[in-house]
Amino acid sequence: MAPTSLPQSSVRLSSEAVKVLAHPLRSRLLSQLRRVGPASATELASLLGTNSGATSYHLRKLESVGLVVDTEGGKGKERLWRAASEQHSWMASDFADDEDASTALNWLERDYVRHFATRAEQWLDVSATWPGDWADHLGLNDNVALVTQEQLVALRAELEAVLQKYRRVGQGNPRAKRVAVYTYAYPVDLDKTPGR
């Protein structure tokens, strides 16, 4: 990918990428680049409350596995970084034979759940200040579906297709706002493992 090209929509994490990304500062750097767009290590350090030396080091680690790229738009020695993709995905089974990657993925998933909980609580803190026609359609919604494993795969694919359809539908509209949408499926009966 050329450094000045737009980010890919999605990338599937390799075992090396998940091991690099499973770090508190690295996961936040990638999230921040996706949120604010291209930024220098100094700007990111300021946003995340760290120092630019550590930030530069961790950006280079993310670059080594293709998660961020240098835009070549920085001034002087300062590099301007951007996320290489708008999102990433993984399948836990991709790492079944790599204990280090499986451990890293476990940490990363738990970090994402903590991050979601923090952002959701921040939304709850300000939701009353948003217009009702927005607030009525933001926030939590829980559902339960009774599905086979094959139907679960189809459900996730359909949800992803809907999200892809709406990814940029508001582009160019000054009334449009970016909205984070998380999907998280888990079995209701955790003690009833299939096949046991």
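Here, the structure is the one placed above.
For clarity, every value in this text was computed on a predicted model and none was experimentally measured. (Residues numbered from 1 in each chain as written. Predicted model: local features only at pLDDT ≥ 70, side-chain atom pairs only at ≥ 80, totals over all residues. Heavy atoms only, no water.)

Comments concerning a nonpolar patch on the surface
Alright, step 1. A grouping of Val113, Tyr184, Tyr186 and Leu190 is seen on the molecular surface, where their side chains present a nonpolar patch of about 520 Å² in accessible area.
Alright, step 2. Tracing the backbone through its elements, the reader meets Tyr186 in the segment after helix H7 (149–166). (Patch = residues over 30% accessible without salt bridge, like charges linked within 9 Å, V, L, I, M, F, W, Y side chains within 5 Å. Areas by Shrake-Rupley, 256 points an atom, 1.4 Å probe, with all protein chains shown as cover. Salt bridge = Lys/Arg side-chain N within 4 Å of Asp/Glu carboxyl O. Helix = DSSP H or I, 4+ residues; strand = E, 2+ residues; numbered from the N terminus.)

Digging into the sheet that holds strand E3 (residues 68–70)
Neighbouring strands of a sheet are bound in pairs by backbone hydrogen bonds; such pairs are parallel or else antiparallel.
Alright, step 1. With antiparallel pairing, three strands are arranged side by side in an open sheet as E2-E4-E3. In this open sheet, the two edge strands, each paired with only one partner strand, are strand E2 (39–40) and E3.
Alright, step 2. Across the face of the sheet, helix H2 (residues 24–36) comes into contact with E2, E3 and strand E4 (80–83) while running at roughly 90° to E4.
Alright, step 3. The sheet strands contacting helix H4 (residues 52–64) are E3 and E4, and the helix crosses E3 at an angle near 105°. (Pairing = 2+ DSSP bridges. Contact = heavy atoms within 4.5 Å. Axes fitted to C-alpha atoms, helices over the stretch in contact; angles between N-to-C directions.)

Focus on the nonpolar core
Alright, step 1. Residues Val18, Leu21 and Leu33 are the most contacted members of the largest nonpolar core, which totals 25 residues.
Alright, step 2. Elements with a minimum of two residues in this core: helix H1 (15–21), H2, helix H3 (41–48), H4, E4 and helix H5 (99–126).
Alright, step 3. Residues within four places of Val18 in sequence aside, it is in contact with Leu13, Phe95, Ala101, Ala104, Leu105 and Leu108. (Core = buried A, V, L, I, M, F, W, Y, C linked by side-chain atoms within 4.5 Å. Buried < 20%, exposed > 50% of the residue type's maximum accessible area, 1.4 Å probe, protein only.)

Structural notes on the pattern of salt bridges
Alright, step 1. Counted under the stated rule, the structure contains eight salt bridges.
Alright, step 2. Note that Glu16 and Lys19 form a salt bridge whose closest N and O atoms lie 3.2 Å from each other. Here Glu16 pairs with Lys19, and both are found in helix H1, just three residues apart, close to one helical turn.
Alright, step 3. We note a salt bridge from Glu63 to Arg79, for which the minimum N-O separation is 3.2 Å. Separated by 16 residues along the polypeptide, Glu63 in helix H4 and Arg79 in the loop between E3 and E4 bring together distant segments of the chain.
Alright, step 4. Here Glu63 falls in the partly exposed class, since its relative accessible area comes to 30%.
Alright, step 5. Overall, Arg79 belongs to the partly exposed group, its relative accessible area being 30%.
Alright, step 6. One salt-bridge network, in which partners are shared between bridges, spans Glu16, Lys19 and Asp98.

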